[in-house]
There are 2 protein chains.
Amino acid sequence: MLKIAMAQMEVIPGHPDKNAATMLRMMDEARTEHVDVIIFPEMAIPGYLLGDTWEQTSFLADCEHYGQEIIEASEGITVMFGNIAMDWEKMNNDGRVRKYNAFFTAQDGKLIAPAGQDYPFVIKTLMPNYREFDDTRHFYSLQQLALEQGKNPADLIAPVTLTLQGKSYNAGCLLCEDGWSDNYALEPLQILQDKGQIDFFVNISASPYTLGKNNKRNRVFGQQAKEASKPLFYVNAIGLQNNGKTVYTFDGASTAYNEKGQVCAMSEEYQEELTIVDMDELASMPALSDDKEPDIAHIYRALNYGVRRFLENIRMKKVVIGISGGIDSAVAAALYAKIVGPENLLLVNMPSVFNSATTKGLSKELADNLGCQYTVIPIQHSVDHTVEQLSNTPIIYLTDGSEQKLTVSSFVTENIQARDRSARILAGAAAAFGGGFTCNANKAETTVGYSTLYGDQSGFLAALADLWKYQVYALAHYMNDEVYGREVVPQGIIDIVPSAELSSAQNVDEGKGDPIKYPYHDFLFRSFIERWQKAAPEDILEWYAAGTLEENLGCEPGIVAKYFPTAQEFIADLERWWNLFTGMAVAKRIQAPPILAVSRRAYGFDHREAQNGPYYTLKYQQLKEKLLS
Amino acid sequence: MLKIAMAQMEVIPGHPDKNAATMLRMMDEARTEHVDVIIFPEMAIPGYLLGDTWEQTSFLADCEHYGQEIIEASEGITVMFGNIAMDWEKMNNDGRVRKYNAFFTAQDGKLIAPAGQDYPFVIKTLMPNYREFDDTRHFYSLQQLALEQGKNPADLIAPVTLTLQGKSYNAGCLLCEDGWSDNYALEPLQILQDKGQIDFFVNISASPYTLGKNNKRNRVFGQQAKEASKPLFYVNAIGLQNNGKTVYTFDGASTAYNEKGQVCAMSEEYQEELTIVDMDELASMPALSDDKEPDIAHIYRALNYGVRRFLENIRMKKVVIGISGGIDSAVAAALYAKIVGPENLLLVNMPSVFNSATTKGLSKELADNLGCQYTVIPIQHSVDHTVEQLSNTPIIYLTDGSEQKLTVSSFVTENIQARDRSARILAGAAAAFGGGFTCNANKAETTVGYSTLYGDQSGFLAALADLWKYQVYALAHYMNDEVYGREVVPQGIIDIVPSAELSSAQNVDEGKGDPIKYPYHDFLFRSFIERWQKAAPEDILEWYAAGTLEENLGCEPGIVAKYFPTAQEFIADLERWWNLFTGMAVAKRIQAPPILAVSRRAYGFDHREAQNGPYYTLKYQQLKEKLLS
């Protein structure tokens, strides 16, 4: 029997010392289990999302040093791992040292080079540069190397030949994207297969969690194993990595596929563990059953893990949440209470004259349900003082000595309230409490900037900002039903109309609230950002004209006509939100807190954007004219 | 005579309709001048920095439409221009439609393909993906195309043959980075030259302004023209483009190099203009004299243009600046006063008990010098109220009903003051005044997060955040001496010790102030971000041990020993700031306003970073131990 250990380790980005220590520990554990081959993830030593830390030469040399430690510790075991590999004699296109995203295989203290290759490691061939990925910015690809050497890329792709228990094995070594070659001109796995005699494939990855991705990978990688009729070991990291604005959980879910393409073993999501399989038994192992959990269970797991690790990373133990009696802050409170414990969670209700007894009562009910720290700090005195100061302090025009006073409109006062709550009360309370305060914005609000800068848009982390409003509701139900097993988020909060309660026009007791019509706008906004082929007003209007809008957006049939009886109303609404989405909301997102990503496209580094203002194509304008005439 | 017009247009990113209109207007002007060839910049139609707008199919089709308009308008004139080019039948590696960064040449309504090529346009070969550039994310390069077709990239590079005044000319067409091939495996210009019979080169660019870049380009491009012994026309855009967090001016400076490599004609920086040269006369034209202006003149020009266009883009006519009596806010005030006019500039001084009569007096003096709108809004009442509310409102622990109160430390009160000024007063005053308020942070503060989130770090734009403190002082002198020709920034503000005045420990009259020792830290911090090979503590400590630190940093000799008599003090200081730079300051930069870039490396999209916490390499730790033993 040949024991393969998938070492699903937690990779700490930017801390090679800690990662090497984890690897040595897991290698010891594997030895005790008589493992033949231990496989670590891609970039196991440096981490993967490091921003431009890749430009620090001393950091690179440090990674090389720790990689050498792992190589030297491979006495009696075969270790496969990802690390950054430098060719100190050569340069990248940017004039900095040559760097490869590399797959190392070491045995008895020595590296095993791929057959017939100069470098003693496998080089990543396909470089993702969509979404949050920036591989091409730092890593020299095998294709570029081939160009430099005047060779065919296939010449540089070769198996790694291992001797295990006295027998020779050819391993087909792939790095992450190499296994997702659908749209590339090269298929590394196919090239390896064509070169023949591959005994098994190994794909080491640093693959961030995305809702639905694991099922897709099982289809794609299962198919590859089946077509090649060889087992495939996929080893992914766990942990939390970020690109500044966007924060990703890595769920692991390392998987062994047998030669029939079936999933035979899978490491538990978000758990550091050594999953050991016997290669000779793989073919006869029963396939694991398909994942039947609802999406919201996956989302909750990602949020819970992500927030927990984020807090640990920034060494924050206490959290303050401003609660309004609305759904977003309530869900945030229930989520954080599970993570920091009710004794470390301070909920603050900050009423003004516009806040109803209803929402004040619901806030208290929520806090009671959680048994956390709770206080009520009213803002009316401060808001009145601010309005008074701004209105009554004379402004002198020093060119001619004339005086004027500012007029504070009700719209300006709305934002004064929001900033008073966050920048004055919550920021101060969090500092005094010894923690941070949260941003509870959802993805619909984030899309159109329905929030106040330095007000409810602030916080140390926006944990719910990649969730549409319907997902926030689903999360409330999931936490009540599954996580807590009791009504923690009060039914009254689930039932109440979403409202900012910043003016009498937003009176919840009269059913007044947000201008966002979530059952439609959630889906409209989703098409702007999450569709692979992004939708813009031209597409929306074409679908509207063709009567296929709801089908294309995935929202409830008939809802558009219900909200917008005429084309004029429909178009006015579309342009209102498109103008915000590509206008003020971009300015707000630039200054938004980090966003925890769960969807196929999150705001921030995942969806890059420029503050260029709204634009309507010529075809849109023509279609609009036709619809309005 | 053969008249070539370099059409240095302002490109409005994301607005193909406006850009096409500009191009048609300049083509008309060129026709009046009997121009033979008019050359527009790279990506003249879509703009260049668009974030992921490149993923909107309807936008791409719109760009194609406007490109077709330009082609059709080329009756009687040869037009060269940059646009995005789609191959709708093919895909990029990300599964989206195939996109090329393309150079089109049209004559009499028809495109002229490069000799022997399938596509009727030249494809960008070299794709920059350092700094703010993201070309590889969206554009398929000529190298990738060659790989797909199983060809050598050189096979796809060919001149464009034009008939001008009945004579045939071979133009060597390059796109921006194609002319900066030093570190690439391919040199497009050399390949063209080797194919022979090139009559002149054209490099169309979208090249953001960077301090010192134009001189470097004149050396590099001049050398290319000289070696090839052919004229080279470099055409760059003007305008303002951004990647969200980082905002770039495009200075144009379009240049004609003669066959001796001399600069014979250059369009004025930041001016939309048609610069017409007679190709036959180039060889005999006198070389322009070298740029003799000091750096600060270039910086002022970039800031002035950048801020002006930024305000126009967001339709902001009025600006509020909180002035403290310190240098940063004073320089910001003098800069903005020139742009919006004193009548639209409101300076607000917001004293607490810690603000000295000195700085209050200097604030008024500055406002008098500018003749702008001025007001004083004290914050003490509000700060006292906040501290009182936070300290006296009981917090109930709902699990056991116990009560506690928060303790507001003097450090917490410092930040309460800063947030009171920005999020309460300035944000409210700006909204009531009908404008926005500025962030006046400099680059040293931005490096280590010496600012308060939602406090002095806020604003709609951080115009000075790419300037080191010494550059802010230089700008004060430049504005007094050259821009205003009188003392606008009071000498008292230039002379006073930099201080936040948030506590009695920061009393300016006692010479107390910032913990940042600018004459050293400006240069230390610069080495962390601006060096091409980024310095980290290991490098700093090695230089320190070798006695070459000041030389490597470029600061005043002897200053390090003066500030830090012992290695222990030196190391404590280094770690203090490195911990902040890679720790809390990253968290703050994620939520910082957009930064106007002038240096070779600005914060934001230009210098990507992850919130991964500080790290010290093993070699650093060993060296530290040695120095401290």
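Residues numbered from 1 in each chain as written. Chains lettered and ligands numbered in written order. Predicted model: local features only at pLDDT ≥ 70, side-chain atom pairs only at ≥ 80, totals over all residues. Heavy atoms only, no water.

**A word on the domain arrangement of chain A**
A common way to report how large an interface is uses the accessible area buried once the components associate.
All names here are of chain A.
Part 1 of the argument: Looking at chain A, the domain boundaries give domain 1 (3–284), domain 2 (295–504) and domain 3 (517–629).
Part 2 of the argument: Relative placement of domain 2 and domain 3: their C-alpha centres are 26 Å apart.
Part 3 of the argument: Counting residues at the interface gives 31 residues for domain 2, matched by 25 residues for domain 3.
Part 4 of the argument: Between domain 2 and domain 3 we count one salt bridge in total.
Part 5 of the argument: Here Lys443 ties to Glu530 by a salt bridge, and the two come within 2.5 Å at their closest N and O atoms. (Domains from an automatic or database assignment. Contact = heavy atoms within 4.5 Å. Salt bridge = Lys/Arg side-chain N within 4 Å of Asp/Glu carboxyl O.)

**Considerations on the relation of the copies chain A and chain B**
Superposition of the two copies of the chain requires a rotation about an axis together with a shift along that axis.
Part 1 of the argument: Between chain A and chain B, which share one sequence, the superposing operator has a rotation angle of 180° and an axial displacement of 0.0 Å; the RMSD is 0.0 Å. Here the copies are linked by what is in effect a two-fold axis. Across chain A, the rotation axis passes nearest the C-alpha of Gln591(A), at a separation of 2.0 Å.
Part 2 of the argument: Interface residue correspondence from chain A to chain B reaches 100%, placing this contact among same-surface, isologous pairings. (Least-squares fit on C-alpha atoms with pLDDT ≥ 70 in both.)

**Focus: the sheet that holds strand β12 (residues 246–251) of chain B**
Residues and elements named next belong to chain B.
Part 1 of the argument: Read across the open sheet, the three strands follow the order β11-β12-β22; overall the sheet is mixed. With partners counted over all chains shown, the strands left at the sheet margins are β11 (238–242) and β22 (595–597), one partner each. Within the sheet, the average angular offset between the axes of one strand and its neighbour, ignoring direction, is 25°.
Part 2 of the argument: Note: β11 against β12, five bridges, orientation antiparallel. (Pairing = 2+ DSSP bridges. Helix = DSSP H or I, 4+ residues; strand = E, 2+ residues; numbered from the N terminus. Axes fitted to C-alpha atoms, helices over the stretch in contact; angles between N-to-C directions.)

**Overview of the sheet that holds strand β21 (residues 436–437) of chain A**
Part 1 of the argument: Spatially, β21(A)-β16(A)-β17(A)-β18(A)-β19(B)-β20(B) is the arrangement adopted by the six strands of the open sheet, whose pairing is mixed. The sheet terminates laterally at β21 of chain A together with β20 (402–404) of chain B, the two strands that pair on one side only.
Part 2 of the argument: Pairing of strand β19 (residues 395–397) of chain B with β20(B), which is carried by three bridges, proceeds in the antiparallel orientation. The residue bridging Tyr397(B) from the neighbouring strand is Ser402(B), located in β20(B).
Part 3 of the argument: Relative to the sheet, helix α9 (residues 357–370) of chain A contacts β17 (345–349) and β18 (373–376) of chain A, its axis offset from that of β17(A) by approximately 170°.

**Description of the interface of chain A and chain B**
Part 1 of the argument: The partner chain B presents 120 residues to the 120 residues of chain A that form the contact.
Part 2 of the argument: Carbon and sulfur atoms make up 53% of the area that chain A and chain B hide from each other, which totals about 9900 Å².
Part 3 of the argument: Inspection of the region where chain A meets chain B yields eight salt bridges.
Part 4 of the argument: Arg608(A) is the salt-bridge partner of Asp134(B), the closest N and O atoms lying 3.0 Å from each other.
Part 5 of the argument: Put simply, chain A and chain B have 58 residue pairs in polar contact (both at pLDDT 80 or more) between them.
Part 6 of the argument: It is helix α11 (residues 410–433) of chain A that contributes the most residues to the side of chain A that touches chain B, 13 residues altogether.
Part 7 of the argument: Looking at the side of chain A that touches chain B residue by residue, the classes come out as 57 nonpolar, 39 polar and 24 charged.
Part 8 of the argument: Two strands pair when backbone bridges link them, and β18(A) and β19(B) are joined in this way by two bridges, in the antiparallel orientation. Paired with Tyr374(A) across the two strands is Ile396(B), which belongs to β19(B). (Buried area = accessible area lost by both parts, 1.4 Å probe. Polar contact = N/O pair within 3.5 Å; in protein donor to acceptor, adjacent residues only side chain to side chain. Nonpolar A, V, L, I, M, F, W, Y, C, P; charged D, E, K, R; others polar.)

**Remarks on the pattern of salt bridges**
Part 1 of the argument: Applying the stated criterion across every chain yields a total of 62 salt bridges over all chains.
Part 2 of the argument: For Glu42(A), the salt bridge goes to Lys124(A), with nearest N and O atoms at 2.8 Å. In this pair, Glu42(A) is assigned in the loop between β2 (37–39) and α2 (57–72) and Lys124(A) in the loop between β6 (122–123) and α3 (135–138), connecting sequence segments 82 residues apart. For the pair shown, Glu42(A) and Lys124(A) are each scored as buried.
Part 3 of the argument: Asp52(B) is paired through a salt bridge with Arg601(A); the nearest N and O atoms lie 2.7 Å apart. Of this pair, Asp52(B) sits in the loop between β2 (37–39) and α2 (57–72) while Arg601(A) sits in the loop between β22 (595–597) and α21 (618–628), on two different chains. (Buried < 20%, exposed > 50% of the residue type's maximum accessible area, 1.4 Å probe, protein only.)

**Quick notes on the UniProt feature "binding site: L-glutamine" (unreviewed entry) in chain A**
All names here are of chain A.
Part 1 of the argument: Per the UniProt record, "binding site: L-glutamine" (unreviewed entry) is annotated on Tyr130, Ser207 and Lys213.
Part 2 of the argument: Of note, Ser207 is situated in the loop between β9 (200–205) and α6 (213–228).
Part 3 of the argument: Here the side chain of Ser207 touches Lys213 through a polar contact of 2.9 Å, side chain to side chain.
Part 4 of the argument: Within the secondary structure, Lys213 sits in helix α6.
Part 5 of the argument: Setting aside chain neighbours within four positions, we find Lys213 in contact with Ser207 and Pro208. (UniProt positions renumbered as here; feature names shortened; annotations may be inferred.)

**Brief notes about α2(B)**
Given 3.6 residues per helical turn, the α-helix brings residues three or four places apart onto the same face.
Part 1 of the argument: Here α2(B) is 16 residues long and its end C-alpha atoms lie 23 Å apart, about the 22 Å a rise of 1.5 Å per residue gives.
Part 2 of the argument: Residues Ser58(B), Phe59(B), Leu60(B), Asp62(B), Cys63(B), Tyr66(B), Gly67(B), Ile70(B) and Ile71(B) constitute the buried set of α2(B).
Part 3 of the argument: Looking at the packing, one finds that the buried side of α2(B) touches α16 (537–546) and α21 of chain A together with α1 (16–32), β3 (78–91), β4 (97–107) and β5 (110–111) of chain B. (Expected span 1.5 Å × (residues − 1).)

**Topic: the nonpolar core**
Part 1 of the argument: Membership of the largest hydrophobic core comes to 75 residues, with the highest contact counts inside it found for Ile38(A), Phe40(A) and Phe81(A).
Part 2 of the argument: No other element matches the six residues that α2(A) contributes to this core.
Part 3 of the argument: Apart from residues lying up to four places away in sequence, Phe81(A) is in contact with Met23(A), Phe40(A), Pro41(A), Ile45(A), Gly67(A), Ile70(A), Ile71(A), Ala102(A), Phe103(A), Phe104(A) and Ile204(A).
Part 4 of the argument: Counting 73 residues, the second largest nonpolar core, distinct from the first, contains Leu50(B), Leu60(B), Tyr140(B) and Leu274(B). (Core = buried A, V, L, I, M, F, W, Y, C linked by side-chain atoms within 4.5 Å.)

**Regarding the pairing of strand β18 (residues 373–376) of chain B**
Side chains on a regular strand alternate between the two faces of the sheet.
All names here are of chain B.
Part 1 of the argument: In the sheet, strand β17 (residues 345–349) pairs with β18 via four bridges, with the strands oriented parallel. Within β18, the residue paired with Val348 across the bridge is Thr375.
Part 2 of the argument: As a crossover connection, the stretch from β17 through helix α9 (residues 357–370) into β18 is right-handed. (Right-handed = clockwise from strand over helix to strand, strands pointing away.)

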